[in-house]
Amino acid sequence: MLLRIFGLKHLSMFHKLVLFCVVLLIFNSSCSNTKSEYPLRMDLSEGWEFSDFQKDSWLKATVPGCVHLDLYNNQMIPHPYSGNNENALQWISSHNWEYQKSFFLDESSLSRNMEIVFEGLDTHANVYLNDSLIFKADNMFRQWRIRVNSFAHPGENVLRILFKPAHIYDSITASTSAYKLPDKRGFSRKAPYQYGWDWGPRLVGCGIWRPVYLEIFDDWKIENIRVQSSLLPSGDAMVIFDVSTHSVTTLEVSLNLEISDLNIHLQKNLKLSDGFQQHRLEISIEKPRLWWPNGMGEANLYQSIIEVSDKSHRQRIITEFGICDIRLINKPDSIGESFYFLVNDKAVFVKGANYIPSDFFSHDLYKIRQNLVSAKLAGMNMLRVWGGAYYEQDEFYRLADSLGIMIWQDFMFACNMYPGDEAFLKNVRQEAIENVKRIRNHPCIALWCGNNEVDEGWKNWGWQKQLSYTKGEEKLIERAYDDIFNNILPGVIKDLDSKRSYWSSSPSIGWGHPESLKSGDSHYWGVWWGEQAFEVYNQKVGRFMSEYGFQGFPVYDFLGSFDSAKPLDLSSTSFKNHQKHSRGFELIRKYMESDFDVPAKNQDYVFVSGILQAEGMRIALEAHRRAMPYCMGTLYWQLNDCWPVISWSSIDYAGNWKPFHYQAKRSFKPTLLSVENPYNSPVVYLIRDDENALEASLELKLIDFNGNLIESHIIGITHKGFGSEKITNNLHTYFRNKIKSNDSFVKMILKKGDKQICSSVTFFARPKELNLSKSEIHSSFKIVGDSCIINLSSHKLIRFVGLSITNASLIFSDNYFDLIPNETRYISFAHQGMKLDEIRRDLKINHLNQIVNP
């Protein structure tokens, strides 16, 4: 009804889901700590100015934000993402930058307790209030909370921040360090990817990157709330609320808990004393609605209201929580060591990807929602927040809670070694404490991981020889590693989030070692980095595949954002600046030559690049699922991009689904028919998430490319449930010598009685070896409510049919699919108000047949 009232009824399910998430997060924000009646919170995000420290002119700044965007918004620099601009903007990281703003206080405020809170400063900064230095920041990932009563005065107050260059700090610190680091960026507690990565630019910035406010309170306030739930053998749940308070005197208050949808109301009188205290409330919930990951059930959430009040003040904090128990099971077995997750005592096969920032600079909530909703629509149940970026903002975790997406949370250490001095370790401990406290109430959190590829780098990447470490230096480096990842971080988890698992380093063993496929989690980069064939994915399957991948171009229409030059030149230096892997173009072409005829036209080359990526990753995704329960998870690299780039992502920077994302959606379906070794000895596996047993029939149809049925067979099959089982012999045994690998395919249809459960198609030769012919695709269109349905058919086989509409970013029900001869394929999408004539005119249909038969 609301969608109709506001004229939004034409939205697609994807955009409705995004809109729902927007409304949900707005509601959550309106109920968050920031809206509590007490303490008083004065927003200090408006009215900032910034300047090069050596200049007198001041320009308008945006907070939260960063210096690069402030310079761009003031038309001082071109956009950093366009062409080669990145290279011309390196001077920014070498300057000091100053930010300032004024705010006003009255006498009554000065008589109360006042704290300035910076949720995030990037990174090395001196902060002044009325020309008095109030603190020095040195960690991008920490909150800074400073009592300012002795620095503030009635009337106008001036807050000033001087940011110093991170890379200069890194160089100075390196010159006095007890040992070299593989990369000097490790001296700063700053997002490592800003220094450049093989999918992102080098744009080392600074700024006030998260909100800033003044908090004013009297004698007490709520400091933190922790919610813990436990499932009892009876099926009920115990929920514990630990309420931390901060008081500057002794007084009596009332503590109240309300969960309205459970009709729970508790009240407790407390006596607060000077300092920090913790107060506990416990409740029991009969037959609770559990939080389940996507595909296992509903992501049920409860809402609690904690209220503390005295005679004069009342503070209310609303917290959403889920009742869920997620455990990592890592124990020795007959093969090595298992690595899988139990959710509410049920094993889950993890399907997902690695997540990087949705934008290099800004923290665009729409992009975050767009990427997470796309993950859910593709059937994912987990994302890994990678350790080379930053701990995501609260809205990210709220959204993951609501969508049923589990989060593997790395601490922010990646591909480097780190200092071990007392100051650095103390800084890291406080960073961990603050972020664990901030994130731990979210039911989506499945695992805390110490780092990304630090252990592997130390043991396998040759740093010892490259940097000529002495034995004494090696011991110091290993001691620092042990202090951070085996003592500090697991200690913080034990103290603050003890029910969740901690994993010290991902991967547990480097991909060059056979043991990496027998124990723990694995990053397998033999394909791409090792230049092995895609088919190697069938053999190189570990217990949990937490990284692997292959690059593909974004959709062609988006490539114009790389460079304003027309026509688009894929060989120009400005275009190549958006490929950050030194051999990226070379490797894409090498793999393409193996499986496809390499097209001469740019647009066709880009199209085939996307298909190549999708086909290669299909082999990996399905090999991992076929290996259940030996393998119990697959997280590919990577879900998304942070700027316009050619990368391993399945969703490009504009939010377009590459062919890979559509393939991931198909390969992640709850019931999947998957063929192993299609070019040699093809056998069919049935993979099911459903834990119930199944008796069904499998129909095998051998069809030629003109749609003629050559032969068919029906096989009775049984499947025990939740797992992968081989359900056929070699397909050649059913059809004897009738399979012509270049001119025929097998369509597989799984049925329960007359009801089709799923279907799939397999080919017996690489795409470049198939005898694909020219053929016309017949199409018709109709509008049904907010959707447009396209009917597509052909008299011949058409491979990899790709649909797009000019100047529209759409998500189709399926895309980049095979069109079976003499069968009609129905594809739907939200028409977003477009008329049928517009759709007919602007719809573009691309496919492999027309590329190989121009």
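The following paragraphs examine the structure supplied in this document. Note that the coordinates shown come from a computational prediction; the quantities given were computed from them, not determined experimentally. (Residues numbered from 1 in each chain as written. Predicted model: local features only at pLDDT ≥ 70, side-chain atom pairs only at ≥ 80, totals over all residues. Heavy atoms only, no water.)

Points about the overall build of the protein chain
The condition that has to hold: Secondary structure is summarised from DSSP: a helix means a run of H or I of at least four residues, a strand means a run of E of at least two, and numbering begins at the N terminus for each. With the radius of gyration taken over C-alpha atoms, the globule rule is written as 2.2 Å times the number of residues to the power 0.38. We call a residue buried when its accessible area falls under 20% of the maximum for its residue type, exposed when it is over 50%, and partly exposed in between, using a 1.4 Å probe and counting protein chains only. Any two residues having at least one pair of non-hydrogen atoms within 4.5 Å are treated as being in contact.
Helix and strand content of the protein chain: 19 helices and 43 strands. Here the protein chain has a C-alpha radius of gyration of 29 Å; the compact-globule value for 854 residues is 29 Å, and the two agree. The C-alpha extent of the protein chain, read off along each of the three principal axes, is 90 × 65 × 65 Å. Burial status across the protein chain gives 59% buried among its 854 residues. Excluding contacts between residues fewer than 6 apart, the proportion of contacts in the protein chain whose partners are at least 24 apart in sequence is 71%.

Points about the pairing of strand β10 (residues 155-163)
Regular strands show a simple pattern: their side chains alternate between the two faces of the sheet. Threshold: A pair of strands is labelled paired if DSSP reports no fewer than 2 bridges between them.
Sheet analysis places strand β4 (residues 97-105) next to β10, joined by 9 bridges and oriented antiparallel. For Phe 104, the partnering residue across the bridge sits in β10 and is Glu 156. Bridging between strand β7 (residues 124-129) and β10 involves 5 bridges; their strand directions are antiparallel. Directly across from Asn 126, in β10, lies its bridge partner Leu 162.

Overview of the sheet that holds strand β20 (residues 326-329)
For the record, the criterion: Orientation is described by axes fitted as lines to C-alpha atoms, over the contacting stretch for helices, and by angles from 0 to 180 degrees between their N-to-C directions.
In space, the 3 strands of this open sheet follow the order β20-β21-β22, with antiparallel pairing throughout. Every other strand in the sheet has two partners, leaving β20 and β22 (346-348) as the edge strands with one partner each. The average angle at which neighbouring strand axes cross in this sheet is 35°, direction not considered. Two elements, β20 and strand β21 (residues 340-343), share 4 bridges in a ladder whose sense is antiparallel. Considered in β21, the bridge of Ile 329 is made with Tyr 340.

A closer look at unusual backbone geometry
With an omega of 0°, the peptide bond running from Val 63 to Pro 64 counts as cis. The omega angle of the peptide bond from Met 628 to Pro 629 is 0°, so this bond is cis rather than trans. One non-glycine residue, Lys 287, adopts positive backbone phi at about 45°. Within the secondary structure, Lys 287 is located in the loop between β17 (275-285) and β18 (302-309). We note that Trp 528 has phi near 85°; this positive angle belongs to a residue other than glycine. Among the secondary structure elements, Trp 528 is positioned in the loop between β28 (522-523) and β29 (545-547).

Considering the sheet that holds strand β36 (residues 744-752)
Spatially, the 4 strands line up as an open sheet ordered β34-β33-β36-β37, and their pairing is antiparallel. The open sheet has two edge strands, β34 (709-719) and β37 (755-763), and neither has a second partner. Each strand of the sheet is rotated relative to its neighbour by a mean of 20°, with strand direction disregarded. The pairing of strand β33 (residues 694-704) with β36 spans 8 bridges and is classified as antiparallel. Looking at β36, one finds that Ile 703 is bridged to Phe 745.

Some remarks on the pairing of strand β31 (residues 671-676)
Across the 6 residues of β31, 5 count as buried, placing the element largely inside the fold. Looking at chain direction, β31 and strand β32 (residues 683-688) are connected through 6 bridges and run antiparallel. If you follow Leu 672 over to β32, its bridge partner there is Ile 687.

Some remarks on helix α6 (residues 166-176)
Short version of the rule: Arc definition: it is the arc formed by the directions from the helix axis to the C-beta atoms.
Of the residues making up α6, those classed as buried are Ala 166, Asp 170 and Thr 173. Taken down its axis, α6 places every buried residue within 75° of arc, on the same side. Facing away from the buried surface of α6 by more than 90 degrees, the exposed residues are Ile 172, Ser 175 and Thr 176.

Some points on the pattern of salt bridges
Keep this limit in mind: Take a side-chain nitrogen of Lys or Arg and a carboxyl oxygen of Asp or Glu: if they are within 4 Å of each other, that pair is a salt bridge.
According to the stated counting rule, one finds 49 salt bridges in the structure shown. Ionic pairing is found between Glu 593 and Arg 589, a salt bridge with its closest N-O pair at 3.4 Å. Pair noted here: Glu 593 and Arg 589 are both in helix α14 (residues 584-595), with a separation of 4 residues, about one helical turn. A relative accessible area of 38% places Arg 589 in the partly exposed class. Where Glu 711 meets Lys 738, a salt bridge forms, and the shortest distance between an N and an O atom there is 2.7 Å. A residue pair is termed long-range when its members are at least 10 positions apart, and Glu 711 in strand β34 and Lys 738 in the loop between α17 (731-735) and β36 qualify at 27 residues. In this structure Glu 711 comes out as buried when scored by relative accessible area, which is 11%. We classify Lys 738 as partly exposed; its relative accessible area is 39%.

Digging into the environment of Gly 388
Take Gly 388: it is sitting in the loop between β24 (382-385) and α8 (394-403). Accessibility expressed as a relative area gives 0% for Gly 388, which makes it buried. On a C-alpha basis, the gap between Gly 388 and Tyr 193 in space is 5.7 Å, while along the polypeptide they are 195 residues apart. Those residues in contact with Gly 388 that sit more than four places away from it in its chain are Ala 191, Pro 192, Tyr 193, Met 412 and Ala 414.

Brief notes about the environment of Trp 525
So the rule is basically this: Under this definition, polar contacts are N or O atom pairs within 3.5 Å; protein pairs additionally need one hydrogen-donor-capable and one acceptor-capable atom, and for neighbouring residues in sequence, both atoms have to be side-chain atoms.
Within the secondary structure, Trp 525 is located in the loop between β28 and β29. Classification of Trp 525 by relative accessible area gives buried; the value is 7%. Sequence-wise, Trp 525 and Trp 511 are 14 residues apart; in three dimensions their C-alpha atoms are separated by 6.8 Å. When residues no more than four places from it in sequence are discounted, the contact partners of Trp 525 are Glu 453, Trp 511, Gly 530, Glu 547, Tyr 548, Gly 549, Trp 637 and Trp 648. Separated by 3.2 Å, the side chains of Trp 525 and Glu 547 make a polar contact.

Notes on the packing of helix α7 (residues 365-377) against α8
So the rule is basically this: Note on terminology: angles under 35 degrees are roughly parallel, angles over 145 are roughly antiparallel, angles of 65 to 115 are roughly perpendicular, and the others are oblique. In a left-handed crossing the near helix is turned counterclockwise from the far helix by less than a right angle, and in a right-handed crossing that turn is clockwise. Throughout, the ten residues Ala, Val, Leu, Ile, Met, Phe, Trp, Tyr, Cys and Pro are labelled nonpolar, Asp, Glu, Lys and Arg are labelled charged, and all others, Gly among them, are labelled polar.
Between α7 and α8, whose axes approach to 10 Å, the crossing angle comes to 25°. Our classification of the angle between α7 and α8 gives roughly parallel. Once α7 is placed against α8, the crossing between them reads as right-handed. Two secondary-structure elements touch here, α7 through Leu 365, Ile 368, Arg 369, Leu 372, Val 373 and Lys 376 and α8 through Glu 395, Phe 396, Leu 399, Ala 400 and Leu 403. Residue composition of the contact of α7 with α8, by class: 8 nonpolar, no polar and 3 charged.

Some points on the packing of helix α9 (residues 422-439) against helix α12 (residues 471-496)
Close contact between α9 and α12 brings their axes to 10 Å; oriented N to C, the two are set at 35°. The crossing of α9 and α12 is right-handed. In contact with Phe 424, Leu 425, Val 428, Arg 429, Ala 432, Ile 433, Val 436 and Lys 437 of α9, α12 contributes Asp 483, Ile 484, Ile 488, Leu 489, Val 492, Ile 493 and Leu 496. In terms of residue class, the contact of α9 with α12 is made up of 12 nonpolar, no polar and 3 charged.

With respect to the packing of aromatic side chains
Two aromatic rings are characterised by how far apart their centres lie and by the angle between their planes. Convention followed: In summary, the pairing rule links any two rings of Phe, Tyr or Trp, Trp by its six-membered ring, whose centres are within 6.5 Å, and it sorts them by plane angle into stacked for under 30 degrees, edge-to-face for over 60 and tilted for everything else. The rule for a charge over a ring is simple: NZ of Lys or CZ of Arg within 6 Å of the ring centre, and within 35 degrees of the ring normal.
Scanning all chains against the criterion turns up 64 aromatic pairs. Between the aromatic rings of Phe 396 and Tyr 397, the centroid separation amounts to 5.1 Å while the plane-to-plane angle is 80°, which identifies the pairing as edge-to-face. With respect to class, Phe 396 is no different from Tyr 397; both count as buried. When the ring of Tyr 636 is compared with that of Phe 660, the centres are 4.4 Å apart and the planes differ by 45°; the resulting orientation is tilted. Here Tyr 636, found in strand β30 (residues 633-636), pairs with Phe 660, found in helix α16 (residues 659-667); they are 24 residues apart in sequence, far enough to count as distant. Pair check on accessibility: Tyr 636 and Phe 660 agree, each one buried. The ring of Phe 763 has Arg 799 sitting right over it, with the charged end atom 3.8 Å from the ring centre.

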